[in-house]
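Single-letter residue listing:
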Amino acid sequence: MKPITILMIFIGCLAGSGWASTGSPSPTPQAKTANSSASLFQLAVSAYERKNYPVALTIFTELAEQGVAQAQFNLGLMYYNGEGVPKDASQAVTWFRKAAEQGYAKAQSNLGVMYYNGEGVPKDASQAVTWYRKAAEQGVAQAQFNLGFMYDNGEGVPKDASQAVTWYRKAAEQGDAQAQFNLGHMYANGEGVPKDASQAVTWFRKAAEQGYAKAQSNLGVMYYNGEGVPKDASQAVTWYRKAAEQGVAQAQFNLGFMYANGEGVPKDASQAVTWYRKAAEQGYASAQFNLGVMYANGEGVPKDASQAVTWYRKAAEQGYASAQFNLGVMYYNGEGVPKDYVQAAKWFYLGKANGGEADEAIRQIESRMSRQQIEQAQALATQWWQNHH
């Protein structure tokens, strides 16, 4: 499954000074100035770490106005985060730009993010790419990932899966978990590289072992299907659980499925319901449908036709054909809802339109309906379709 990747601003911590004293017994005036600036910078960093933002801001501002790139970068971060000053994206851009134009790589990366998100500047994917590239070529992993993302999605550059792979790989080899995940996806789907399940597993595993939830979910799928690794339901459960506990709906659904069917774990309908519910509450249609089935059959929960209808309806409204069919059955039989042939037919029509097998059900219900009722049901189905497409 293709991830939804989020472009993150590089704000994990303030940069260290990177300056060192020469140790010369008689420094030149220029060296004295550099050493003085370095000392001030460290003083500002110490103040920031103690959350004494006014002092940090004052010193960073003084150094930034003298042209010290790292101070300009950190001052941009303080404006971006609203630390010691009101949050001000425009000022953040100003200072990121000053540092970026001096070649400071992290500032170049952040300036790209600001252009991508339209924060403090008009949104401009092309400018984002320009600054990502500058930082990426200096080895900033987040910028390499972001540049790969731009090529992957054709934003600010022509879509180019091969270039996406190139930049994802550079970031992945530096340990960037998002890039490792996306590179695994490229191998799994043969995008920009020959399809290679073994390589997909390699990169999913690297990201998964860093706790990257979507990679954990995908690694579980690879174990379940025996793609790139020997088929192993127990390992699938292990990785599904890790991702499910981090809130990944697909993994929650898959873990519920494993409990429902006793694959890799002892069969446990109650646990199946628990995990289906977690995914269903996030809007995952397959889980909503399966949770409806559990209520309809009284598996893992007391039998409850009304609850079955509730969950079938949620999945049906998302266009899930099996749920549309089952909701039609509930209306046909008057289970959990008043008996209503028009509503039943409406959902049978929609289930068929979405690829479900509903011909026999439609034939049976139409034999019990008047022409007016059939036309009404068809009109309702048409209206639903138009509203959802």
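First, a word on scope: everything that follows refers to the structure included in this document. Since we're looking at a predicted model, the values are computed, not measured.

Some words on the overall build of the protein chain
Here's step 1: A count of helical and extended segments in the protein chain gives 20 helices and 0 strands.
Here's step 2: A fraction of 51% describes how many contacts in the protein chain between residues 6 or more apart in sequence connect residues 24 or more apart.
Here's step 3: Element-wise, carbon and sulfur atoms account for 48% of the exposed surface of the protein chain, whose accessible area totals about 17,900 Å².
Here's step 4: Within the protein chain, the 33 negative side-chain charges are centred at a point lying 1 Å from the centre of the 33 positive side-chain charges.

Brief notes about unusual backbone geometry
Here's step 1: Unusually for a residue other than glycine, K51 sits at a positive phi of about 65°.
Here's step 2: Mapped onto the elements of the fold, K51 is located in the loop between helix 1 (29–49) and helix 2 (53–65).

Quick word on the packing of helix 7 (residues 141–153) against helix 9 (residues 177–189)
Here's step 1: Close contact between helix 7 and helix 9 brings their axes to 10 Å; oriented N to C, the two are set at 35°. Helix 9 is crossed by helix 7, and the crossing has left-handed handedness. Mapping the contact onto sequence places Q142, F145 and D152 in helix 7 and Q178, A179, N182 and M186 in helix 9.

As for the nonpolar core
The tendency in soluble globular proteins is for nonpolar side chains to be buried side by side.
Here's step 1: Ranked by internal contacts, the top residues of the largest apolar core, which has 136 residues, are F60, M150, I365 and M369.
Here's step 2: Residue contacts for M369: discarding those within four places in its chain leaves Y341, V342, A345, I374 and A377.

Digging into helix 17 (residues 321–333)
Here's step 1: With 13 residues, helix 17 extends 19 Å from end C-alpha to end C-alpha; this agrees with the ideal 18 Å at 1.5 Å per step.
Here's step 2: Listed in full, the buried residues belonging to helix 17 are A321, A323, Q324, N326, L327, G328, M330, Y331 and Y332.
Here's step 3: Against helix 15 (285–297), helix 16 (305–316), helix 18 (341–353), helix 19 (359–366) and helix 20 (371–388) lie the buried residues of helix 17.
Here's step 4: One or two residues past the end of helix 17 sits G334, with phi positive at roughly 70°.

With respect to the pattern of salt bridges
Here's step 1: Applying the stated criterion to the full structure yields 2 salt bridges.
Here's step 2: In this structure, D359 and K352 form a salt bridge, with 2.9 Å as the shortest nitrogen-oxygen distance.
Here's step 3: The residue R363 makes a salt bridge to E360 at a minimum N-O spacing of 2.5 Å. Within this pair, R363 and its partner E360 are both found in helix 19, separated by 3 residues, close to a single helical turn.

Remarks on the environment of Y53
Here's step 1: Tracing the sequence through the fold places Y53 in helix 2.
Here's step 2: Judged by its relative accessible area of 18%, Y53 is buried.
Here's step 3: Each C-alpha atom of the pair Y53 and M78 lies 8.5 Å from the other, and the pair is 25 residues apart in sequence.
Here's step 4: Other than its neighbours up to four places away in sequence, Y53 contacts Y48, M78, E83 and G84.

Structural notes on the packing of aromatic side chains
Here's step 1: According to the stated counting rule, one finds 17 aromatic pairs in the structure shown.
Here's step 2: Summarising the aromatic geometry, the rings of F73 and Y104 are spaced 5.3 Å apart at their centres and angled 50° between planes, so their arrangement reads as tilted. Highlighted residues: F73 in helix 3 (residues 69–81) and Y104 in the loop between helix 4 (89–100) and helix 5 (105–117), separated in sequence by 31 residues.
Here's step 3: Given the relative accessible area of 1%, F73 is considered buried.
Here's step 4: Ring centres of F289 and Y320 lie 5.4 Å apart, and the angle between their planes is 40°; on these two criteria the pair is classed as tilted.

Digging into the environment of F289
Here's step 1: Note that F289 resides in helix 15.
Here's step 2: A relative accessible area of 12% means that F289 is categorised as buried.
Here's step 3: Separated by 25 residues in sequence, F289 and K314 place their C-alpha atoms 8.0 Å apart.
Here's step 4: Ignoring sequence-local partners within four residues, the contact set of F289 consists of W311, Y312, A315, Y320, S322, A323 and N326.

The rules we used
Residues numbered from 1 in each chain as written. Predicted model: local features only at pLDDT ≥ 70, side-chain atom pairs only at ≥ 80, totals over all residues. Heavy atoms only, no water. Helix = DSSP H or I, 4+ residues; strand = E, 2+ residues; numbered from the N terminus. Contact = heavy atoms within 4.5 Å. Areas by Shrake-Rupley, 256 points an atom, 1.4 Å probe, with all protein chains shown as cover. Lys, Arg positive; Asp, Glu negative; His and termini not counted. Charge placed at Lys NZ, Arg CZ, Asp CG, Glu CD. Axes fitted to C-alpha atoms, helices over the stretch in contact; angles between N-to-C directions. Left-handed = near helix turned anticlockwise from the far one by under 90°. Core = buried A, V, L, I, M, F, W, Y, C linked by side-chain atoms within 4.5 Å. Buried < 20%, exposed > 50% of the residue type's maximum accessible area, 1.4 Å probe, protein only. Expected span 1.5 Å × (residues − 1). Salt bridge = Lys/Arg side-chain N within 4 Å of Asp/Glu carboxyl O. Phe/Tyr/Trp six-rings, centres within 6.5 Å; stacked < 30°, edge-to-face > 60°.

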